[in-house]
Amino acid sequence: NQYCSWNMKFSSPLLTIGITMQCLLLRTSLTAAFSTSRRSLTTSSKSLRDGRSKFLFQKEHPFLSSTLASKTKLAMAAATEEELEPFKNTHNLDDQLLSCISGNGEIKVTACTIRNLVNDVMIQQTLTATPADALARSMACGLLLSNGMQIEQTYQLTMACDGPIRGVVSISDGAGQVRGYVGNPGLGDMHISEAIGKGTVQVVKMHPDWKIPYNGVTAIEHGDIDRDVGIYLASSEQRACALAAASSYNGILCTSAGGYVVEQLPGCSPESSAQVEKNLAKLAGMDGTDTLPAGILLSGGTPLDICGTVLEGLDMKPLQQIAPKLVCKCSEERLFRAIRLLPRSEVDKIIEDNEKIEARCDFCGKVYRMGPDEVAKKFEEATG
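Everything in this summary refers to the structure shown in the same document. (Residues numbered from 1 in each chain as written. Predicted model: local features only at pLDDT ≥ 70, side-chain atom pairs only at ≥ 80, totals over all residues. Heavy atoms only, no water.)

Here's the deal with the sheet that holds strand β11 (residues 241–250)
Right, on to step 1. Judged by pairing direction, the sheet is antiparallel, and its 5 strands sit side by side in the order β11-β12-β5-β4-β13 without closing on themselves. For this open sheet the edge positions go to β11 and β13 (317–322), each flanked by a neighbour on one side alone. Neighbour to neighbour, the strand axes of the sheet diverge by 10 degrees on average, direction disregarded.
Right, on to step 2. As paired strands, β11 and strand β12 (residues 253–264) are joined by 10 bridges and run antiparallel to one another. Residue Asn 250 lies in a different strand from β12, and its bridge partner there is Leu 253.
Right, on to step 3. In the packing of helix α8 (residues 270–287) onto the sheet, contacts are made with β5 (107–113), β11 and β12, and the angle to β12 comes to roughly 165 degrees. (Pairing = 2+ DSSP bridges. Helix = DSSP H or I, 4+ residues; strand = E, 2+ residues; numbered from the N terminus. Axes fitted to C-alpha atoms, helices over the stretch in contact; angles between N-to-C directions. Contact = heavy atoms within 4.5 Å.)

Considerations on the side chain of Gln 153
Right, on to step 1. Looking at the element boundaries, Gln 153 is found in the loop between α5 (129–146) and β6 (154–161).
Right, on to step 2. A relative accessible area of 11% means that Gln 153 is categorised as buried.
Right, on to step 3. Ignoring sequence-local partners within four residues, the contact set of Gln 153 consists of Ser 172, Asp 173, Gly 174, Lys 205, Met 206, His 207 and Trp 210. (Buried < 20%, exposed > 50% of the residue type's maximum accessible area, 1.4 Å probe, protein only.)

A few points about the packing of helix α4 (residues 115–125) against α5
Right, on to step 1. In the contact formed by α4 and α5, the axes pass within 10 Å of each other and the chain directions differ by 130 degrees. With respect to α5, the axis of α4 lies oblique. Once α4 is placed against α5, the crossing between them reads as right-handed. Together, Leu 117, Val 118, Val 121, Met 122 and Gln 125 of α4 and Ala 132, Leu 135, Ala 136 and Met 139 of α5 make up the contact between the two elements.
Right, on to step 2. Partitioning the contact of α4 with α5 into residue classes produces 8 nonpolar, 1 polar and no charged. (Parallel < 35°, antiparallel > 145°, perpendicular 65-115°, else oblique. Left-handed = near helix turned anticlockwise from the far one by under 90°. Nonpolar A, V, L, I, M, F, W, Y, C, P; charged D, E, K, R; others polar.)

Some points on the side chain of Thr 302
Right, on to step 1. Relative to the helices and strands, Thr 302 is located in the loop between α9 (294–298) and α10 (303–310).
Right, on to step 2. The buried category is assigned to Thr 302, whose relative accessible area is 7%.
Right, on to step 3. With sequence-adjacent residues up to four places away left out, Thr 302 is seen in contact with Asn 89, His 91 and Asn 92.

Notes on unusual backbone geometry
Right, on to step 1. The linkage connecting Leu 292 with the following residue, Pro 293, adopts the cis geometry, with an omega of 5 degrees.
Right, on to step 2. As for its placement among the helices and strands, Pro 293 is situated in the loop between α8 and α9.
Right, on to step 3. Backbone geometry places Ile 225, a non-glycine residue, at a positive phi of 70 degrees.
Right, on to step 4. Inspection of the secondary structure assignment puts Ile 225 in the loop between β10 (214–219) and α7 (226–235).
Right, on to step 5. Even without a glycine there, the phi angle at Gln 238 is positive, about 50 degrees.
Right, on to step 6. In this fold, Gln 238 is placed in the loop between α7 and β11.

Read these as layout, nothing more, since geometry by itself doesn't imply function.
Below is the structure:
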């Protein structure tokens, strides 16, 4: 029953109720114990941190002596053109999630393009450009950070904010499946940071075998999602990453969407880190916009091109590619489980006033309807 979200609305003149049922979404799990959480809720009064083209956190590995590090050093040759051919995605025609590693095994880069996926979710949820941009950034971040997880493990990213967008939620998994929604899909044109406002970045990592999910929270500093997620990685998880995600639009058409995350692996040397930051600065210059890497993707640059630029001089080797998919887990059974969370008297009152229960899935927009006989039968058959 995890990760289901319903918006049940009843239009009786005597009754107008909006109920959102969410299972294991962070807005309810924040009341649970945070025994596995690391919190960092202090907004930086110093300077706003930007982790798109540099590492916000530098890892030190005292457990790796110089002798041991030299013995365990990898030395992979750079991939040949023939080896790179399967990973090329000319003009980003297909959605793609690609991960690569440096030849010395010290740097991992994951990049994605999800333009088609974003256009599909815009149609499903009737999104305007600003909410679509927010959701695209959130889904890109989720896909990048869930890459490498076990297939059944999920990564939920929530922007719990006070801006007019009224929140952004995305859920992805290790298989490259993703879904998400925004609180105000019809929001008018405005800068994303204005739409988001202030609040918190909330992350929930869950696996079916875990008894307790991992929760992490940091304050929103920028309001443009990707930089705030980068700050979360540095502050809450102490991960040495550089992350960027963005999208671009022509009216109601998404013309580019995607992002990248660059991470230092254990034993990363200062030389490799410096080379990557130099390459990231070059990448930012190539993009030429303040929405890195939307400019590169719009001009035909691919995830392979991004990985190649970031790992220039470090002998890039592709690891894996996945085709991201927009997948919703809603069903009539999940709806009924949400209904059972209400007192039976309240359910009966809703049916009496409206002659049915109608619910719309927040993730995919599908509408479910259940009549009084069907509801009564399901209650009779329910167990547990």
